[in-house]
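Fold and geometry: a report
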Amino acid sequence: MSHGELSRYDTLLRVERGELRVEDASALLGLCRRQIFRLLSRLHAAGPEGLVSCKRGRPSNRRYDDNFRERVVAIVREHYHDFGPTLAREYLAERHDIHLASETLRQFMIKAGLWKDRDARRPRPYQPRYRRDCRGELIQIDGSKHWWFEDRGPQCTLLVYIDDATSELMHLKMVESESTFAYMEATREYIEQHGKPVAFYSDKHTVFRNPRPTANGDGMTHFGRALDALNIEIICANSPQAKGRVERANATLQDRLVKAMRLEGISSIEDANAFLDSYMARHNERFARPAFDARDLHRPLALHDDLRSIMVWREQRTVTAALTLHYNKAMFILEPNDVSQKLARKRVTVCEYPDGRLEIEHEGHVLPYRQFDKMRQVNQPAIVENKHLDAALLLARQMQAMMPHHRKRNNDAPARRDQPMHIFPEPDPPPKIDRRTLGGSKLKRGPRLSDEALRERGTLAFVQRT
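Residues numbered from 1 in each chain as written. Predicted model: local features only at pLDDT ≥ 70, side-chain atom pairs only at ≥ 80, totals over all residues. Heavy atoms only, no water.

**Comments concerning helix H8 (residues 222-229)**
Because an α-helix completes one turn every 3.6 residues, residues spaced three or four positions apart along the sequence face the same direction. Formally: Summary of the burial criterion: residues with accessible area below 20% of their type's maximum are buried, those above 50% are exposed, and those between are partly exposed, where the area comes from a 1.4 Å probe applied to protein chains only. Helix and strand assignments follow DSSP, with helices taken as H or I runs no shorter than four residues and strands as E runs no shorter than two, numbered in order from the N terminus. For this analysis, residues touch if any pair of their heavy atoms sits within 4.5 Å.
What H8 keeps buried is the set His222, Phe223, Gly224, Ala226 and Leu227. Elements that come into contact with the buried residues of H8 comprise helix H7 (180-194), strand E4 (199-202), strand E5 (233-236), helix H11 (307-310) and strand E6 (313-318). Phi turns positive, to about 60 degrees, at Asn231, one or two residues after H8.

**A word on the sheet that holds E5**
Quick note on the threshold: One requirement defines pairing of two strands: DSSP has to find at least two bridges between them. The axes are straight lines fitted to the C-alpha atoms, using for helices just the contacting stretch, and the angles between their N-to-C directions are given from 0 to 180°.
Strand order in the open sheet formed by 5 strands is E3-E2-E1-E4-E5, and the pairing between neighbours is mixed. One side of each edge strand has no neighbouring strand; the edge strands of this open sheet are strand E3 (169-175) and E5. Adjacent strand axes in the sheet meet at a mean angle of 20 degrees when their direction is disregarded. The strands touched by H7 are strand E1 (139-146), strand E2 (156-163), E3 and E4; relative to E3, the strand with the most contacts, the crossing angle is about 150 degrees.

**Some thoughts on the environment of Gly364**
Relative to the helices and strands, Gly364 resides in the loop between strand E10 (358-362) and strand E11 (365-367). When its relative accessible area of 69% is taken as the criterion, Gly364 is described as exposed. In the structure, Gly364 is positioned 15 residues away from Thr349 in sequence and 9.9 Å away in space, judged by C-alpha atoms.

**Quick notes on the nonpolar core**
Here is the rule: The term nonpolar core refers to a set of buried residues drawn from Ala, Val, Leu, Ile, Met, Phe, Trp, Tyr and Cys, joined through side-chain atoms within 4.5 Å.
In this structure, Leu105, Trp148, Leu158, Met174, Leu253, Leu257 and Met261 are the most contacted members of the largest nonpolar core, which totals 39 residues. Sorting the residues of this core by element identifies helix H4 (66-79), helix H5 (85-95), helix H6 (102-112), E2, E3, helix H9 (244-264) and helix H10 (269-287) as the ones contributing at least two each. The biggest single contributor to this core is H9, with 7 residues. Discounting chain neighbours no more than four positions away, the residues touching Leu158 are Asp142, Gly143, Ser144, Trp148, Leu172, Lys173, Met174, Leu253, Leu257 and Leu276.

**Side note on the pattern of salt bridges**
Spelled out, the test is: Every case where a carboxyl oxygen of Asp or Glu lies within 4 Å of a side-chain nitrogen of Lys or Arg is listed as a salt bridge.
All told, the structure shown has 29 salt bridges when counted by the stated rule. For Arg63, the salt bridge is made with Asp66, and the minimal N-O distance between the two is 3.0 Å. A residue is classified by how much of its surface remains accessible, and Arg63, at 36% relative accessible area, is partly exposed. On the basis of relative accessibility, which here comes to 40%, the residue Asp66 falls in the partly exposed class.

**A short note on the packing of helix H1 (residues 3-16) against helix H3 (residues 33-46)**
As a reminder, the rule being used: Orientation categories follow fixed angle ranges, with anything under 35 degrees roughly parallel, anything over 145 roughly antiparallel, 65 to 115 roughly perpendicular, and all other angles oblique. Three classes are used, and their members are as follows: Ala, Val, Leu, Ile, Met, Phe, Trp, Tyr, Cys and Pro are nonpolar, Asp, Glu, Lys and Arg are charged, and the others, Gly among them, are polar.
Packing of H1 against H3 brings their axes to within 11 Å, and their N-to-C directions diverge by 90 degrees. Taken together, H1 and H3 sit at an angle that is classed as roughly perpendicular. Residue-level contacts link Arg8, Tyr9, Leu12, Leu13, Val15 and Glu16 of H1 to Ile36, Leu39, Leu40, Leu43 and His44 of H3. Counted by class, the contact of H1 with H3 contains 8 nonpolar, 1 polar and 2 charged residues.

**Thoughts on the packing of aromatic side chains**
The condition that has to hold: Here is the rule: rings of Phe, Tyr and Trp (six-membered ring for Trp) pair when centre to centre is within 6.5 Å. Planes less than 30 degrees apart are stacked, more than 60 are edge-to-face, and the remainder are tilted.
This structure, assessed with the given rule, holds 14 aromatic pairs. Look at Tyr64 and Phe68: their rings are 5.0 Å apart centre to centre, the planes differ by 25 degrees, and that puts the pair in the stacked class. A relative accessible area of 35% places Tyr64 in the partly exposed class. Ring centres of Tyr80 and Tyr91 lie 5.9 Å apart, and the angle between their planes is 25 degrees; on these two criteria the pair is classed as stacked. Taken together, the residues span a long stretch of sequence, with Tyr80 in the loop between H4 and H5 and Tyr91 in helix H5 at a distance of 11 residues.

What follows is the structure, encoded as structure tokens:
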């Protein structure tokens, strides 16, 4: 019995004993006289158990029909078995015209075994950082490597640009890897759409920060030098928690975006990039919030800002007296003209664009050139006599094992997986050779001789020599 039912039982006993009038009991319990007499009759017939509510343990009269509950659970089990209740409710309303409360659907899924309640979350061990005031003041950027297409496609990386003031997804781009060229192309698209922000906030990836700046250079990466030319600040966070806005967005996208692309049947990077704009609008409508200050601090491009010529990998090279220069184990021969003939022993700039183009510039002039790839050069075959063939093959195997990197490009060259076309094809890697097998099989170690046997053998050898 509940506390109210026990109080009602005590009041009715006082009426039975004549200590309380029916009118007073009616006022205390908030019931009419007729209901007081009905309760007294039930008390006489069934005892105290007769005062327990008859609705207890029975389903509510406002509950959904069993057939409707089974139909909803069947749809969720077939299409949204790994969705959360909130996300599954949105797709039920959008695709199946079934409108339910999130808590109602949560109870359906818990009873069907499709969802489990999470334990109470632990308190955050650090003080949260407050949002920036204005939109465009601080843009957090990060790359999330994940199986975005599940088993339908390869593993790739999603570049995420999110505004710190509003939690609004500003730009999304699916790329093969988190490289300098990928960030250059994505940042160019972002600036063309929104303008120049005050600062980008990133992790300490080598795209944004040079961990070992040399004394000769300025310590800036190629991406940082491009942002400096655009007057955009780049700030590196010291920990993942510091840029928690984009980290939480990555976790949300790895749940919601993966399932949205599964429902749309997307399995390639090209189809994903075409779908991301429509998904981003739905995501921002659900999760974005207004900024504290309504101003937008994005700045328009200046007249002298040419994004395609700024977002470039630039390196300096010296022109030889023969009007040639070497870059990434390739030789570039400048075409003789009025400009190039004066560049002997002078420095020129080699510019690699994200689309794979390569230009050689000097003081604003683009120099025509011809390329000679030293990696594709074929060595003159050696003439070996038949009796020396075994020794020549053994020497070749030993040289291949000792110099496994002699056919690779420079180690400081940019990653070109995100370039659609480029002029530096990588050669096939040499087969791996077990160095332990070089020089023939090892001699087997015989049984260990005793000290007496060693002395006898030494004495016999001395006698033979004398």
